[in-house]
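Residue strings, one per chain:
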Amino acid sequence: MSTLSWEEFSKVELRIGRITHAEVFEKARRPAYVLQVDFGPEIGVRKSSAQITELYEPDTLVGRLVVAVTNFPPKQIGPIMSECLVTGFHNEDGAVALCVPDQDVPLGTRLM
C-alpha cells in the first residue's frame, strides 16, 4: 500500500449529501442507479452513477445521507455526466454497501 502525505489527502473533499432522487440507470453496462445528491446551498445538487443495486432499491435510497467525493472533475458515464463519487465498501459477496455517517450531519459538511 502506498502512503499519502497529509497535504495530498487534504485535497480530497469528502462531504455529506442526501439522496433526493434515485432511478435505474437503464443504459449502464453494469447494473447501476442514477442518484441526485443534495450537498446543501454551497455545493447544490449533483448527479452520480452508483453500482449499488445488489443491496439497495431506488425507493429505499431517497432521504439517506451518504459520503461522496465532490471535487473530482465530472466524468461521462454512458449518457450521463457523473458530478460526484458516492463512496462505499465491497462486502464479502462483492456487493457495495454505502459509506454513511451514524448520526445526522448538516449537508455539505466536509470530512475532517
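Structure shown above.
Residues numbered from 1 in each chain as written. Predicted model: local features only at pLDDT ≥ 70, side-chain atom pairs only at ≥ 80, totals over all residues. Heavy atoms only, no water.

A. Here's a closer look at the sheet that holds strand β4 (residues 65–69). An order of β3-β2-β1-β4-β7 is seen for the five strands of this open sheet, with the pairing classed as antiparallel. Across the chains shown, the open sheet's two edge strands, defined by having one partner strand only, are β3 (45–50) and β7 (85–86). (Pairing = 2+ DSSP bridges. Helix = DSSP H or I, 4+ residues; strand = E, 2+ residues; numbered from the N terminus.)

B. The environment of N91, seen in detail. Within the fold, N91 resides in the loop between β8 (88–90) and β9 (96–98). According to the relative accessible area criterion, N91 is partly exposed, its value standing at 30%. Residues N91 and K11 lie 80 residues apart in sequence; the distance between their C-alpha atoms is 27 Å. (Buried < 20%, exposed > 50% of the residue type's maximum accessible area, 1.4 Å probe, protein only.)

C. Quick look at the environment of R64. Along the polypeptide, R64 turns up in the loop between α2 (58–61) and β4. Considering only alpha carbons, one finds R64 and A28, 36 residues apart in sequence, at a separation of 23 Å. Sequence-distant contacts of R64, that is, excluding residues within four places in its chain, are made with G17, R18, I19, Y56 and L98. (Contact = heavy atoms within 4.5 Å.)

D. Broad picture of the nonpolar core. With 17 residues, the main nonpolar core has I19, L35, V37, I52, L61, V86 and L98 as its most contacted residues. At the level of secondary structure, the elements contributing two or more residues to this core comprise β1 (14–24), β2 (33–38), β4 and β9. Ranked by residues supplied to this core, first place goes to β2 with three residues. Discounting residues that sit within four places of it in the chain, V37 has contacts with G17, R18, I19, G44, V45, R46, V66 and V86. Ranked by size, the runner-up nonpolar core spans five residues in total, among them L14, I16, V67 and V69. (Core = buried A, V, L, I, M, F, W, Y, C linked by side-chain atoms within 4.5 Å.)

E. The arrangement of the environment of L65 in detail. Relative to the elements of secondary structure, L65 occurs in strand β4. Taking the C-alpha atoms as reference points, L65 and P101, 36 residues apart in sequence, are found 7.1 Å from one another. Setting aside its immediate chain neighbours within four residues, L65 contacts I16, G17, R18, V100, P101, Q103, D104, V105 and L107.

F. Structural context of the pattern of salt bridges. In the structure shown here, the tally under the stated rule is two salt bridges. Of the charged contacts, one joins R15 and E13 as a salt bridge, the two residues approaching to 3.0 Å between their closest N and O atoms. On the basis of relative accessibility, which here comes to 23%, the residue E13 falls in the partly exposed class. D104 is the partner of R18 in a salt bridge, and the nearest nitrogen-oxygen pair spans 3.5 Å. Of this pair, R18 sits in strand β1 while D104 sits in the segment after β9, and the two are 86 residues apart along the sequence. (Salt bridge = Lys/Arg side-chain N within 4 Å of Asp/Glu carboxyl O.)

Interpretation note: all reported values are geometric properties and have no functional meaning in isolation.
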